[in-house]
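# Analysis of the macromolecular model
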Amino acid sequence: MALLYFMTERARGKRVKTDASERVVPVHPEVIRLGFLSYVEERRKADGAVAWLFPSVSPDKGRAGIPAWSQWFGRYLRAAGVTNRAKVFHSFRHTVKDALRRGRADHEMREALVGHAQASSVSWGYGAPEMLARFGAAGLSDAVNRITYPGLDLSRVRPLGVPKDTRGTKAT
């Protein structure tokens, strides 16, 4: 099981928007199948222990990194034919919440996984350690592993590092 930690590390320039944004999220098996762990390893090889997973939005890019990415994604969506201006990069968060709901993850776990505050529970603690203590890594992983997107066909997506052969199919 692979876990992503979203946590503030001020010395490295890493910050999250709110206390509730600090969290731990298991990586979905389909993302692992598509080569995410290989990508992480490539980033570590390139930049060592201080590697940023997505260098184009690292602190050395300044505050322009994330807004520039968001604007690019908006242009990409429009070019792909998505005309609804309410559909933006942040829409993925709501899509994940819907998928977690379909997968029967309870309300508190859904909110924790997407980094939303728990207004309904005075005893709720924020952050990755609290999530792990409350739900357990296996429980979090089970919820994420049940995420599905009916109708999504990834059969043409090649795992990272798998070359395309000359006929346009996956190499064997």
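Residues numbered from 1 in each chain as written. Predicted model: local features only at pLDDT ≥ 70, side-chain atom pairs only at ≥ 80, totals over all residues. Heavy atoms only, no water.

Here Ser 141 shows up in helix α7 (residues 137-145). Along the backbone, Ser 141 and Ala 2 are 139 residues apart, and their C-alpha atoms lie at a distance of 8.8 Å. Not counting the four nearest positions on each side in its chain, Ser 141 is found in contact with Met 1 and Pro 26. (Helix = DSSP H or I, 4+ residues; strand = E, 2+ residues; numbered from the N terminus. Contact = heavy atoms within 4.5 Å.)

So, on to the side chain of His 28. Looking at the secondary structure, you find His 28 in the loop between β2 (23-26) and α1 (29-33). Within the structure, the side chain of His 28 is placed 3.0 Å from the backbone oxygen of Ile 147, a separation counted as a polar contact. With sequence-adjacent residues up to four places away left out, His 28 is seen in contact with Val 144, Asn 145 and Ile 147. (Polar contact = N/O pair within 3.5 Å; in protein donor to acceptor, adjacent residues only side chain to side chain.)

Turning our attention to unusual backbone geometry. Here the phi dihedral of Arg 104 falls at roughly 75°; this positive angle occurs in a residue that is not glycine. Tracing the backbone shows Arg 104 in the loop between α4 (91-102) and α5 (107-114). By relative accessible area, Arg 104 is classed as exposed at 70%. (Buried < 20%, exposed > 50% of the residue type's maximum accessible area, 1.4 Å probe, protein only.)

Moving on to the packing of aromatic side chains. The geometry of an aromatic ring pair comes down to the distance between the two centres and the angle between the two planes. Evaluated as defined, the whole model comprises seven aromatic pairs. Each ring, one from Phe 89 and one from Phe 92, has its centre 5.4 Å from the other, and the planes form 75°; the classification is edge-to-face. Through a chain of ring-to-ring contacts, the aromatic side chains of Trp 72, Phe 73, Tyr 76, Phe 89 and Phe 92 assemble into a single cluster. (Phe/Tyr/Trp six-rings, centres within 6.5 Å; stacked < 30°, edge-to-face > 60°.)

So, about the pattern of salt bridges. All told, the structure shown has six salt bridges when counted by the stated rule. Across the pair Lys 97 and Glu 111 runs a salt bridge, and its minimum N-O distance is 2.6 Å. Note that Lys 97 is positioned in helix α4 and Glu 111 in helix α5, a separation of 14 residues in sequence. Here Glu 108 makes a salt bridge to Arg 134, at a shortest N to O gap of 2.5 Å. Here Glu 108, found in helix α5, pairs with Arg 134, found in helix α6 (residues 128-135); they are 26 residues apart in sequence, far enough to count as distant. (Salt bridge = Lys/Arg side-chain N within 4 Å of Asp/Glu carboxyl O.)

Glancing now at the confidence of the model for the protein chain. Overall, the predicted model of the protein chain reaches an average pLDDT of 81, with 76% of residues at or above 70. Mean pLDDT in the protein chain bottoms out at helix α3 (residues 65-79), which sits at 83, and peaks at α7, which reaches 95. (pLDDT = per-residue confidence, 0-100.)

With that settled, the discussion passes to α7. Of all the positions in α7, only Leu 140, Ser 141, Ala 143 and Val 144 are classed as buried. Down the axis of α7, the smallest arc covering the buried residues is 160°, so these residues share one side. Buried positions along α7 lie against β2, α4, α5 and α6. (Arc of directions from axis to C-beta.)

Turning to the environment of Leu 3, a few remarks are in order. Inspection of the secondary structure assignment puts Leu 3 in strand β1 (residues 3-6). A sequence separation of 134 residues divides Leu 3 from Ala 137, and the C-alpha atoms of the two residues are 8.3 Å apart. Look past the residues within four positions of Leu 3 in its chain and what remains in contact with it is Val 24, Val 25, Pro 26 and Ala 137.

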